[in-house]
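Structural overview for review
What follows is the residue order along each chain.
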Amino acid sequence: MHVFRLKGNFETLDAYTPLLFDLGARGLEEKPGEVWAYFPTRLELPLPGEWAELPDTDWLEAWRRDLKPVRAGPFVVLAPWHRWEGPEQRILLEPGMAFGTGHHETTRMALEALAERVKPGMRVLDLGTGSGILAIAAQMLGAWAVGVDNDPAVIPQARHNAAANGVSPEFFLGTLENAHGVFDLIVANLYAELHAELAPLYPTYLVQGGHMLMTGILSERERLVDNAMRAQGFESLHRRPEGEWVHLIYRK
Ligand code: SAM
């Protein structure tokens, strides 16, 4: 396993998190004065840091040990070894090599928004499904959920996580056009530039009046996404800032 060491901590480097995962990071870990990003192969990164080598299992074990349950709306996200007595609906996730354990604000805000907006029987698309967490939550809320991701490594993990929760969203390798359908709601935890690029495609995959739940957006890039969505005729319904992130909801 290759590790890219960046100076800082989770808070100061939070803005880079989606980019690191997008570039192929399989997990992040906070160390004194540094954040370690684990990659299956070395690559050219547009970020300041240094590469180092580790035996394959180290990082996963350390990360597992430190992982805490996360509450989000009616849900609590648990690893299989966590014990939980509360009334929350449990989402069990085997912490693996995909983004989406609920620990990132962007995922947590999406879970909370899904809980408020998803009604039984709705068709929901989770674009960039990662661990499958948002598709799993949507299905638990009574939706017919589909998850797509363009990283082949995450699809088996998403399926495994869904089975562990007794739900069966469909997972496809690819992106919007591989989702096979038109949806009442799309939830997407992607970065701002990608949302802006995909905005012209979103209407094709949403019913009239359908909702777009957009997360992964740094507040300073909100304008970029908002302009792109308004240019497609979307109506802004809600914005929720948290830390450096903003969660945006639009209606077609
Ligand atoms: N949905 C999970 C969550 O909210 O925690 C994971 C979100 S993670 C930030 C983004 C995911 O989107 C990654 O798994 C990445 O592989 C995937 N992704 C990036 N670009 C994509 C694209 N154009 N189409 C489909 N998936 C994409």
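See the structure shown above.
Residues numbered from 1 in each chain as written. Predicted model: local features only at pLDDT ≥ 70, side-chain atom pairs only at ≥ 80, totals over all residues. Heavy atoms only, no water.

Examining the environment of Ala72
Stated precisely, the cut-off is as follows: To qualify as a helix, a DSSP run of H or I must reach at least 4 residues; to qualify as a strand, a run of E must reach at least 2; elements of each kind are numbered from the N terminus. For this analysis, residues touch if any pair of their heavy atoms sits within 4.5 Å.
In this structure, Ala72 sits in strand 5 (residues 70-72). Linking Ala72 and Thr175, residues 103 residues apart in sequence, is a C-alpha distance of 26 Å. The residues contacting Ala72, other than those within four sequence positions of it, are Arg108, Leu111 and Glu112.

Section: the nonpolar core
Selection rule: For this analysis, a nonpolar core means a set of buried residues of the types Ala, Val, Leu, Ile, Met, Phe, Trp, Tyr and Cys, connected via side-chain atoms within 4.5 Å. Each residue gets one of three labels from its accessible area relative to the maximum for its type: buried under 20%, exposed over 50%, partly exposed in between, using a 1.4 Å probe on protein chains only.
Core analysis: the biggest nonpolar cluster contains 33 residues, and Ile91, Leu111, Leu114 and Leu185 have the highest contact counts within it. At the level of secondary structure, the elements contributing two or more residues to this core comprise strand 5, strand 6 (75-78), helix 3 (105-117), helix 4 (133-140), helix 5 (154-164) and strand 11 (183-189). When residues of this core are assigned to their parent elements, the largest contribution, seven residues, is made by helix 4. In this view, Leu111 contacts Ala72, Phe75, Val77, Ile91, Ile133, Leu134 and Ala137; residues no more than four positions away in its chain are not counted. Among the nonpolar cores identified, the runner-up in size contains 28 residues, and Leu176, Phe183, Leu194 and Met212 belong to it.

Description of the site of the ligand
Under the convention used in this document: A molecule or strand has a residue near it when one of that residue's heavy atoms lies within 4 Å. Residues adjacent in sequence count toward polar contacts only when both atoms are side-chain atoms; beyond that, a polar contact is any pair of N or O atoms within 3.5 Å, and within protein one must be able to donate a hydrogen and the other to accept it. Each accessible area value is a Shrake-Rupley result obtained with a 1.4 Å probe; residue values ignore everything except the protein chains displayed when judging cover. Here the nonpolar group is Ala, Val, Leu, Ile, Met, Phe, Trp, Tyr, Cys and Pro; Asp, Glu, Lys and Arg are the charged ones; every other residue, Gly included, is treated as polar.
Close contacts around the ligand come from 18 residues, with Thr107, Gly128, Asp149, Thr175 and Asn189 the closest. Thr129 is positioned such that a nitrogen or oxygen atom in its backbone is 3.4 Å from a nitrogen atom of the ligand. Asn150 is positioned such that a nitrogen or oxygen atom in its backbone is 3.3 Å from a nitrogen atom of the ligand. Taking 600 Å² as the accessible area of the ligand by itself, protein coverage stands at 93%. Split into classes, the residues belonging to the shell around the ligand amount to five nonpolar, nine polar and four charged.

Quick word on the pairing of strand 9 (residues 144-149)
Looking down a regular strand, the side chains alternate between one sheet face and the other. To be explicit about the condition: Two strands are counted as paired when DSSP detects at least two bridges linking them.
Counting buried positions along strand 9 gives five out of six residues, so the element sits mostly inside the fold. In the sheet, strand 8 (residues 123-127) pairs with strand 9 via five bridges, with the strands oriented parallel. The residue of strand 9 that forms the bridge with Arg123 is Trp144. Two elements, strand 9 and strand 10 (residues 170-173), share four bridges in a ladder whose sense is parallel. Residue Val148 lies in a different strand from strand 10, and its bridge partner there is Phe172.

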